[in-house]
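Structure assessment
The lines below spell out each chain.
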Amino acid sequence: MLGSLGTGLRDAFKRIAGLGVVDREAVESVVRELQRALLQSDVDVQLVSELSGRIRERVLKDKPPAGMTLKEYFIKMLYDELVSLLGAEKGEVGLRKQRILLAGLYGSGKTTCSGKIAKWFKVRGMSIGLVACDTHRAAAQEQLRQIASRVDVHVYDQGKSPQEIAKNALKASKDDVLIFDTAGRDALDKELAKELKELGSLVKADEVLLVIPADIGQAARRQSEEFNKLVGITGMIITKLDGTARGGGALAAAHVSGAAVKFIGVGEKVDDFESYDPKRFVGRLIGYGDIEGLLEKAKSAGVEVDDGKAKRLLEGKFTMDDFYEQLGQMGKMGSLSKMMEMIPGMGQMKIPKDMMDVQEGRMKKWKFIIESMTRQERENPDEIKASRITRIAKGSGTAEADVRALLKSYKQAQKFMKMAKGGKGLKRGPLAALAKQFGAS
Ligand code: GDP
Ligand code: MG
């Protein structure tokens, strides 16, 4: 996600880690690296310059807190600065009965977000209704109906005008959360402002969320301010962070506009959606993911996660059955590489190719193989040696090579999980202290 921004920032952190002494010249070299990364991501020049100033000032003048080296302080401070550049606070959307109105220009991702938000609430146990207030474009309501059927929630679409549809929905609905999908325009003109205002007061929206695509970069600030002035917004959703290098600029701009980013869209699918937490976001960007992110993702994919188990898996203590289950869940959770970004220290690691192309056919074969193992073998796959391999292959009607491939993949996963948890990179690497601070090791 965010492509070059992540790489650039990781380079800046690496540069700090590699510094011999932290003097003016060294700080300057890091600041330059940082500036390059941020400007490339379309962060406003003024913001970049202010941030650079604060870093120079603090690193060269502050005294690091007790128990922290200057280098560690530098790293920690840079992290904190990045977090406050991109948002500072977690965008909370409470799990309560509420009405949410989505606003935004054409193609910003409102209708897609309607489905994503619906799913987000649904997996958290709430009932949802979608209200199809986009009567402006012929196909808009049909698009919403299709999205709704995918997440299995009701659509209210009775009426001719947006106002009438909204009124009918309010009358008919007993849902906890109603999400009003509205029409966009090419620009925030009088007509759009009037329609949104009317709808907002008619439905007494608890939240008016402005949907903005990340690819407009720092222009997000002006758009947010304009919408806020004309219709009043309570927060924002930044979409399409997956497909642009300008996402950093958009997030920073959203933050200075004064409206909190509540959610982010990171892909076209219904699960490519997260509540926005700048700390976690920056953590992932610079390669210190967090286990919470992984757990949340698992939850929205409808996968049962038990914390104790996740911990056990990360420690590499897992049975063949666990391994098989994990593979199945990875499929459900979407791309493995996306998931890896959320595990501490995994962001920068290369994923073994074997783990990536676990195809469905292979999964089926592996299922037979695992079923042919004894309980003892499933619990201690490390003990499976030559003669057992022959027996298992025969019993499952597969080749010995298949059994070996499964064992190899299991071992790789085991090693990988251990690395992620204990963090070879994190333990030995110069960033170890930082990792510890963030609870990543
Ligand atoms: P609306 O006009 O504001 O309702 O926008 P839509 O919801 O119809 O979205 C416009 C296009 O953007 C569609 O093709 C969506 O699939 C796409 N889209 C929406 N959100 C995202 C996202 O987070 N990532 C990507 N890659 N595409 C998105
Ligand atoms: Mg739409």
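Residues numbered from 1 in each chain as written. Chains lettered and ligands numbered in written order. Predicted model: local features only at pLDDT ≥ 70, side-chain atom pairs only at ≥ 80, totals over all residues. Heavy atoms only, no water.

For the rest of this paragraph, the subject is the environment of Lys119. With respect to the helices and strands, the residue Lys119 is situated in helix 5 (residues 110–122). With 151 residues separating them in the primary sequence, Lys119 and Val270 have C-alpha atoms 7.3 Å apart. Among the polar contacts listed, one links the side chain of Lys119 to the side chain of Asp271, at a separation of 2.8 Å. (Helix = DSSP H or I, 4+ residues; strand = E, 2+ residues; numbered from the N terminus. Polar contact = N/O pair within 3.5 Å; in protein donor to acceptor, adjacent residues only side chain to side chain.)

This next bit is on the sheet that holds strand 1 (residues 98–103). The eight strands lie next to each other as 3-2-4-1-5-6-7-8, forming an open sheet whose pairing is mixed. Unpaired on one side and paired on the other, strand 3 (154–156) and strand 8 (273–275) mark the two borders of the sheet. Strand-to-strand, the axes of this sheet are offset by a mean angle of 25°, without reference to chain direction. In terms of strand pairing, strand 6 (residues 235–239) meets strand 7 (residues 261–265) through three bridges, oriented parallel. Considered in strand 7, the bridge of Ile238 is made with Ile264. Across the sheet, helix 8 (residues 190–203) lies against strand 1 and strand 4 (177–181), angled at about 175° from strand 1, the strand it touches most. (Pairing = 2+ DSSP bridges. Axes fitted to C-alpha atoms, helices over the stretch in contact; angles between N-to-C directions. Contact = heavy atoms within 4.5 Å.)

Before going further, it helps to examine the site of ligand 1. Inspection of the region around ligand 1 gives 17 residues, with Gly107, Lys110, Thr112, Asp242 and Glu268 positioned closest. Thr112 places a polar side-chain atom, nitrogen or oxygen, 2.5 Å from an oxygen atom of ligand 1. One of the backbone nitrogen or oxygen atoms of Lys240 is found 2.9 Å away from an oxygen atom of ligand 1. Burial of ligand 1 by the surrounding chains reaches 80%, relative to a free accessible area of 580 Å². Grouping the constituent residues of the shell around ligand 1 by class yields three nonpolar, eight polar and six charged. (Near = heavy atom within 4 Å. Areas by Shrake-Rupley, 256 points an atom, 1.4 Å probe, with all protein chains shown as cover. Nonpolar A, V, L, I, M, F, W, Y, C, P; charged D, E, K, R; others polar.)

Note on placement: Glu57 falls in helix 3 (residues 45–61). The exposure class of Glu57 is partly exposed, given its relative accessible area of 42%. Distance from Glu57 to Val27, taken between C-alpha atoms, is 10.0 Å for residues 30 residues apart in sequence. (Buried < 20%, exposed > 50% of the residue type's maximum accessible area, 1.4 Å probe, protein only.)

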